[in-house]
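Chain by chain, the residues run as shown.
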Amino acid sequence: MHVLTIIDHPNPTSFTQAAAVQFMAGAEAAGHTTELADLHAEGFNPLWSMADIESNGTTTAPPDVIQEQRRIARADAICLAFPLFWWGMPSMMKGWMDRVWSWGWAYDQLDDANVSLQKNRSGVLLIPAGARSDEIRDEGYLAALETSWMQGTFGYFGFSPRRMEMLYGATGSATRREALLEQSFHCGRTVPPPAEHAASVQPEITPVGC
């Protein structure tokens, strides 16, 4: 498979960057080819604009969007790597989603969150989080993220199967961080192939390890 990793973090020495590198190393160890899109390093414009709306996925999209869609077209699996930021995703990743996965290109209806105009791709959300797993679970944040992303958004993208890989305690000790990097490597090494029919496959929720 060809595995595309999209990363959103402004610091090239961040733990998110290190986790994404380990994820790709794991994918390569499994015999897959990899490609990295570093949104900050490449200067992607996350601002949703009238040009995006007017293209409507059916006419000529802005050139930077077309470039991202061509990357996606090459991919059999996609990993989105970003830190948990205000209990969601940071703005660059959200803007990339808003602009690239457009109406008429990724989806054209809203009554089934497991139907996409795109072919099925295996999808991974690789998310470093400073909080402990019990803190995120007990306050209901994990359930909210699973509902929003895994039961909703990423079905429209054709991510099937899809998994959310939380890297809990990413601001902890060196030992903890090393364990999380090993978890990221394992996640890349075990990326499954795309499902045949997105609507028939339920999301795979694996918050403590692939």
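Residues numbered from 1 in each chain as written. Predicted model: local features only at pLDDT ≥ 70, side-chain atom pairs only at ≥ 80, totals over all residues. Heavy atoms only, no water.

Undergrad: In this structure, what is going on with the overall build of the chain? I would like to understand it.
TA: Within the chain, the regular secondary structure consists of eight helices and six strands. Sequence-ordered secondary structure for the chain, helices as α and strands as β, is β-α-β-α-α-α-β-α-β-α-α-β-α-β. Relative to its length of 210 residues, the chain is compact, with a C-alpha radius of gyration of 16 Å against a globular reference of 17 Å. Expressed as a percentage of its 210 residues, the buried residues of the chain come to 51%. Residue pairs in contact within the chain that sit at least 24 positions apart in sequence constitute 80% of those at least 6 positions apart. Put simply, the chain shows about 9500 Å² of open surface, and 55% of that area lies on carbon and sulfur atoms. Taking the average place of the 14 positive charges on the side chains of the chain and the average place of its 24 negative ones, the gap between the two points comes to 3 Å. (Helix = DSSP H or I, 4+ residues; strand = E, 2+ residues; numbered from the N terminus. Rg over C-alpha atoms; globule rule 2.2 N^0.38 Å. Buried < 20%, exposed > 50% of the residue type's maximum accessible area, 1.4 Å probe, protein only. Contact = heavy atoms within 4.5 Å. Areas by Shrake-Rupley, 256 points an atom, 1.4 Å probe, with all protein chains shown as cover. Lys, Arg positive; Asp, Glu negative; His and termini not counted. Charge placed at Lys NZ, Arg CZ, Asp CG, Glu CD.)

Undergrad: Even after reading the chapter, I still don't get the nonpolar core, so can you show me in this structure?
TA: Inside soluble globular proteins, nonpolar side chains tend to come together where they are buried. Ranked by size, the top nonpolar core spans 38 residues in total, and within it Trp96 and Trp101 carry the most contacts. Per element, the largest residue contribution to this core is six residues, and it comes from helix α7 (residues 141-156). The residues touching Trp96, leaving out its near neighbours within four places in the chain, are Ile6, Leu39, Phe44, Glu68, Ile72, Leu80 and Trp101. Counting 19 residues, the second-largest nonpolar core is a separate cluster that includes Phe15, Ala19, Met24 and Cys187. (Core = buried A, V, L, I, M, F, W, Y, C linked by side-chain atoms within 4.5 Å.)

Undergrad: Please explain the pattern of salt bridges as it appears in this structure.
TA: Proximity of charged atoms lets side chains of opposite charge pair with each other. All told, the structure shown has ten salt bridges when counted by the stated rule. Linking Arg71 and Glu35 is a salt bridge whose minimum nitrogen-to-oxygen distance equals 3.6 Å. A residue pair is termed long-range when its members are at least 10 positions apart, and Arg71 in helix α4 (residues 63-74) and Glu35 in strand β2 (residues 33-38) qualify at 36 residues. Grouping residues by exposure puts Arg71 and Glu35 together as buried. Note that Lys119 and Asp76 form a salt bridge whose closest N and O atoms lie 3.9 Å from each other. Of the two residues, Lys119 sits in the loop between α5 (91-100) and β4 (121-129) while Asp76 sits in the loop between α4 and β3 (77-81), which places them 43 residues apart along the sequence. The exposure class assigned to Lys119 is partly exposed, which follows from its relative accessible area of 43%. Through salt bridges with shared partners, a single ionic network connects Glu35, Glu42, Glu68, Arg71 and Arg74. (Salt bridge = Lys/Arg side-chain N within 4 Å of Asp/Glu carboxyl O.)

Undergrad: How should the packing of helix α1 (residues 15-29) against helix α8 (residues 174-189) be read in this particular structure?
TA: Working note: a packed helix pair is described by the angle between its axes plus the distance between those axes. At a closest axis distance of 6 Å, the pairing of α1 and α8 adopts a crossing angle of 40 degrees. In terms of orientation, α1 lies oblique with respect to α8. Note that α1 runs across α8; the crossing there is right-handed. Each of Phe15, Ala18, Ala19, Gln22, Phe23, Ala25, Gly26, Ala27 and Ala29 in α1 lies in contact with α8, whose residues at this interface are Arg177, Leu180, Leu181, Ser184, Phe185, Cys187, Gly188 and Arg189. (Axes fitted to C-alpha atoms, helices over the stretch in contact; angles between N-to-C directions. Parallel < 35°, antiparallel > 145°, perpendicular 65-115°, else oblique. Left-handed = near helix turned anticlockwise from the far one by under 90°.)

Undergrad: Looking at this structure, how should I read the packing of aromatic side chains?
TA: To describe a pair of aromatic rings, you give the distance between the ring centres and the angle between the ring planes. For the coordinates displayed, the defined rule picks out eleven aromatic pairs. Between Trp101 and Phe157, the ring centres sit 4.4 Å apart and the planes meet at 5 degrees, which makes this aromatic pair stacked. Residue Trp101 is found in the loop between α5 and β4, and its partner Phe157 is found in the loop between α7 and β5 (159-168); the two are separated by 56 residues along the sequence. (Phe/Tyr/Trp six-rings, centres within 6.5 Å; stacked < 30°, edge-to-face > 60°.)

Undergrad: What's the story with the pairing of β2 in this structure? I'm lost.
TA: The side chains of a regular strand alternate between the sheet's two faces. Pairing between strand β1 (residues 2-7) and β2: six bridges, direction parallel. Within β2, the residue paired with Ile6 across the bridge is Ala37. For the crossover that starts at β1, traverses α1 and ends in the parallel β2, the hand is right-handed. (Pairing = 2+ DSSP bridges. Right-handed = clockwise from strand over helix to strand, strands pointing away.)

Undergrad: Even after reading the chapter, I still don't get the pairing of β4, so can you show me in this structure?
TA: Among the nine residues of β4, nine are classified as buried, and the element is accordingly described as predominantly covered. The alternating pattern of β4 places Arg121, Gly123, Leu125, Ile127 and Ala129 and Ser122, Val124, Leu126 and Pro128 on opposite faces, both of which are buried. With five bridges connecting them, β3 and β4 associate as parallel partners. Note that in β4 the partner of Cys79 across the bridge is Val124. With respect to chirality, the unit in which β3 leads through α5 into the neighbouring parallel β4 is right-handed. Sheet analysis places β4 next to β5, joined by eight bridges and oriented parallel. Counterpart to Arg121 in the pairing with β5 is Phe159.

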